Amino acid sequence: MSRPSAAPHALPAPTGSFALWGDVARPVTLTVADLRHGWEQHRTEVVYDCAKDGPQHHTFVGALLREVVDRTRPGFDPARRKERSRFLLAVNGGDGHHAVLSWAEIDADFGNAPVLLATRVDDEELDSAGTQLVVPSDRCGARYVSAVTGIWIGSCRLPGAPLSAS
Ligand SMILES: Nc1nc2c(c(=O)[nH]1)N[C@H]1C(S)=C(S)[C@@H](COP(=O)(O)O)O[C@H]1N2
Ligand SMILES: [Mo]
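Cut-offs and rules
- Residues numbered from 1 in each chain as written.
- Chains lettered and ligands numbered in written order.
- Predicted model: local features only at pLDDT ≥ 70, side-chain atom pairs only at ≥ 80, totals over all residues.
- Heavy atoms only, no water.
- Helix = DSSP H or I, 4+ residues; strand = E, 2+ residues; numbered from the N terminus.
- Buried < 20%, exposed > 50% of the residue type's maximum accessible area, 1.4 Å probe, protein only.
- Contact = heavy atoms within 4.5 Å.
- Salt bridge = Lys/Arg side-chain N within 4 Å of Asp/Glu carboxyl O.
- Near = heavy atom within 4 Å.
- Polar contact = N/O pair within 3.5 Å; in protein donor to acceptor, adjacent residues only side chain to side chain.
- Areas by Shrake-Rupley, 256 points an atom, 1.4 Å probe, with all protein chains shown as cover.
- Nonpolar A, V, L, I, M, F, W, Y, C, P; charged D, E, K, R; others polar.
- Pairing = 2+ DSSP bridges.

A. The environment of Phe-76, seen in detail. In this structure, Phe-76 sits in the loop between helix 2 (65–70) and helix 3 (81–84). A relative accessible area of 11% places Phe-76 in the buried class. For the pair formed by Phe-76 and Arg-139, sequence separation is 63 residues and the distance between their alpha carbons is 30 Å. The contact partners of Phe-76, leaving out residues within four places of it in the chain, are Glu-83, Arg-84, Phe-87 and Trp-103.

This is the structure in structure tokens:
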């Protein structure tokens, strides 16, 4: 597996913004306002369970993660499903909690999960808190990473395995 490179720390990032980086042609830092104005907004009502606090009910509004990440031009040939199936996304929260998704979970040809990067939760706009990952297909809350500061995108190759021919 390629090792996640350090996040770009070029310009001081505005509060509530997050970086998309890794094996992508166009790394970018986005604010919640960018998400709100740059992508179609979807609304979803979810219930997820927390081991500590029990079931949580929330309504989220936000952009589809796959549409946001598409703009960074991940380093696969979009026409090749096997290449896409090797990619991962690691979503990092400001407090260090991070969770991994596979590209295939959100890819329309595979799991097609409508995972969002939220701009609003219930009545709260997330501009100052930062975006939150929303995984409506998850039963448990651990991947609802809040205050997202970065998303690393990259491919996975098994240690010691030969390079795939296609
Ligand atoms: N940044 C961050 N996001 C996080 C967590 C965390 O520790 N840090 N905990 C997760 C877990 S385990 C749950 S159940 C939900 C809880 O979300 P809530 O506080 O909105 O109920 O947040 C998730 N997102
Ligand atoms: Mo939790």
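B. Seen up close, the pattern of salt bridges. With the rule as written, the count across this model stands at 11 salt bridges. Where Glu-105 meets Arg-143, a salt bridge forms, and the shortest distance between an N and an O atom there is 2.8 Å. Highlighted residues: Glu-105 in helix 4 (residues 103–106) and Arg-143 in the loop between strand 9 (133–134) and strand 10 (148–155), separated in sequence by 38 residues. With a relative accessible area of 23%, Glu-105 lands in the partly exposed category. Judged by relative accessible area, which is 18%, Arg-143 ranks as buried. A salt bridge links Glu-125 to Arg-120, with the nearest nitrogen and oxygen atoms 3.6 Å apart. Each of Arg-36, Arg-120, Glu-125 and Asp-127 takes part in salt bridges that share partners, so that together they form one network.

C. Molecular detail of the site of ligand 1. Surrounding ligand 1, one finds Tyr-48, Cys-50, Gln-56, His-58, Gly-93, Asp-95, His-97, Gly-141, Ala-142, Tyr-144, Val-145 and Ser-146. In the model, an oxygen atom of ligand 1 is placed 3.0 Å from a nitrogen or oxygen of the Gln-56 side chain. Backbone polar atom of Tyr-144 to a nitrogen atom of ligand 1: 2.8 Å apart, as the coordinates give it. When ligand 1 sits alone it has 530 Å² of accessible area, and the protein chains cover 66% of it. Considered class by class, the residues forming the shell around ligand 1 number five nonpolar, six polar and one charged.

D. Expanded view of the side chain of Arg-84. By the element assignment, Arg-84 lies in helix 3. By relative accessible area, Arg-84 is classed as buried at 7%. A distance of 2.8 Å separates polar atoms of two side chains, one belonging to Arg-84 and the other to Asp-107. The residues contacting Arg-84, other than those within four sequence positions of it, are Phe-76, Asp-77, Pro-78, Ala-79, Trp-103, Asp-107, Asp-109 and Phe-110.

E. Here's a closer look at the pairing of strand 5 (residues 87–93). Taking burial as the measure, the seven residues of strand 5 include five buried ones, the bulk of the element. When strand 5 meets strand 10, the two strands line up antiparallel, connected through seven bridges. Note on strand 10: the bridge partner recorded for Leu-88 is Gly-154. Here strand 5 pairs with strand 6 (residues 98–102) via five bridges, running antiparallel. Across the sheet, Val-91 pairs through a bridge with Ala-99, a residue of strand 6. Counting the residues that bridge the hairpin from strand 5 to strand 6 gives four residues, and of these Gly-96 lies at a positive phi of roughly 95 degrees.

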